[in-house]
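Close look at the chain arrangement
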Amino acid sequence: MQTIMKNVHDFFLHHVAPPYRTIGIQKREDGEKGWIVQLEVIEEKERMKAVAKDEMVGTYEVIVDGDGDVEEFERLYHRYRTQLFEREDEETY
């Protein structure tokens, strides 16, 4: 698992932006070997500083193959760093 996280971190460092934090990791459930990783990245840092706005955090889902290499990734959404997550219609207890 450490190898997978290192490969994802290195990929994002070189191709997207330095990862901010890892949200979770799980085995693929689609019959393929590999993993699904979700992580957050600070996006548009310099532009946000220039206009005195809060930093943007992008949440990405990364598909990692059975060899530990990044196969694909997708940004799921982005939000201001200080913005709370919106709850979907969940039951409260």
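In what follows, the structure referred to is the one given above.
Per chain, the residues get numbers from 1 upward, laid out in the order the sequence is written. Totals for whole chains, interfaces and linings use all residues, but because this is a predicted model, local features are given only for residues with pLDDT of at least 70 and pairs of side-chain atoms are given and counted only at 80 or more. Note that water and hydrogens are dropped before the side-chain values are worked out from all heavy atoms of the structure.

1. Regarding the pattern of salt bridges
Stated formally: Each salt bridge in this description consists of a side-chain nitrogen of Lys or Arg and a carboxyl oxygen of Asp or Glu lying within 4 Å of one another. A helix here means a DSSP run of H or I that spans at least four residues, while a strand means a run of E at least two residues long, and both kinds are numbered starting from the N terminus. Categorising residues by exposure relies on relative accessible area from a 1.4 Å probe, with only protein chains included: less than 20% of the type maximum marks a residue as buried, more than 50% marks it as exposed, and the intermediate range marks it as partly exposed.
Tallied over the entire structure, the rule returns six salt bridges. Linking Arg-28 and Asp-30 is a salt bridge whose minimum nitrogen-to-oxygen distance equals 2.8 Å. We note a salt bridge from Arg-79 to Glu-40, for which the minimum N-O separation is 3.1 Å. Of this pair, Arg-79 sits in strand E4 (residues 70-80) while Glu-40 sits in strand E2 (residues 34-43), and the two are 39 residues apart along the sequence. Taken as a pair, Arg-79 and Glu-40 share a single burial class, namely buried. Because the salt bridges share partners, they merge into one network encompassing Arg-21, Glu-40 and Arg-79.

Remember, this is a structural readout, not a statement about activity or role.
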